[in-house]
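# Coordinates in review
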Amino acid sequence: MNTLEYSIVYASIRPEIKERVSVGIIFCQEGVIEVRYSTAKLNAVKQLLPKMDYDYLRRSMVSLSRKSALESVANIDYLNRYSNNILTVSEIKKVRMDTENLSKDGLYKMYVYRRTA
């Protein structure tokens, strides 16, 4: 059975009421970790956060997606437990990839960003 683990990355825009915007997603399949994020969503969040907070969020997303900062599912789980500021990470979810309708691109569009024409 082919399974995929994923976790959604959020920008906390109003922590006092737990309001957040999904800006990225972390995939883990067969030990390979991939991070994708939406520049469109980051640009939208830019208007909602102080400049320093936005700069931190953007640098963090770029760093996570470019470097092998996340070496294992344990690292993602750690971020889920201890990220409670500007950047938060959801609990890891597992899905079976045995249907044609389910893919990384589909999950990205469902949870992070679906381009509209």
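Because the structure is predicted, anything quoted here is derived from the model rather than measured. Sequence order as written defines residue numbering, which begins from 1 separately in each chain. It should be noted that, the model being predicted, local features are given only for residues of pLDDT at least 70 and side-chain atom pairs only at 80 or more, the latter also being counted only at that level, while totals for whole chains, interfaces and linings use all residues. Side-chain measures were taken over the full set of non-hydrogen atoms in the model, leaving aside hydrogen atoms and water.

### Some points on the pattern of salt bridges
We count a salt bridge whenever a side-chain nitrogen from Lys or Arg sits within 4 Å of a carboxyl oxygen from Asp or Glu. Applying the stated criterion across every chain, the model contains eight salt bridges. In this structure, Arg 36 and Glu 34 form a salt bridge, with 2.8 Å as the shortest nitrogen-oxygen distance. Put simply, Arg 81 and Asp 77 hold a salt bridge, and the shortest N to O gap is 2.9 Å. Within this pair, Arg 81 and its partner Asp 77 are both found in helix H3 (residues 73–82), separated by four residues, close to a single helical turn. Members of the salt-bridge network, linked through shared partners, are Glu 34, Arg 36, Lys 104 and Asp 105. Here a strand is any run of E in DSSP of at least two residues, a helix any run of H or I of at least four, and the numbering for each starts at the N terminus.

### Side note on the side chain of Ser 90
As for its position among the elements, Ser 90 is in the loop between strand E4 (87–89) and strand E5 (93–96). The contact criterion used is simple: two residues touch if any of their non-hydrogen atoms lie within 4.5 Å. Leave out the neighbours within four places in its chain, and Ser 90 touches Ser 7, Ile 8, Tyr 10 and Asn 80.

### Some thoughts on the confidence of the model for the protein
Here pLDDT means the predictor's own confidence in every residue, given as a number from 0 to 100. Chain-level statistics for the protein give a pLDDT mean of 86 and a share of 93% at 70 or above. For the protein, the element scoring lowest by mean pLDDT is H3, at 82; helix H1 (residues 39–46) scores highest, at 94.

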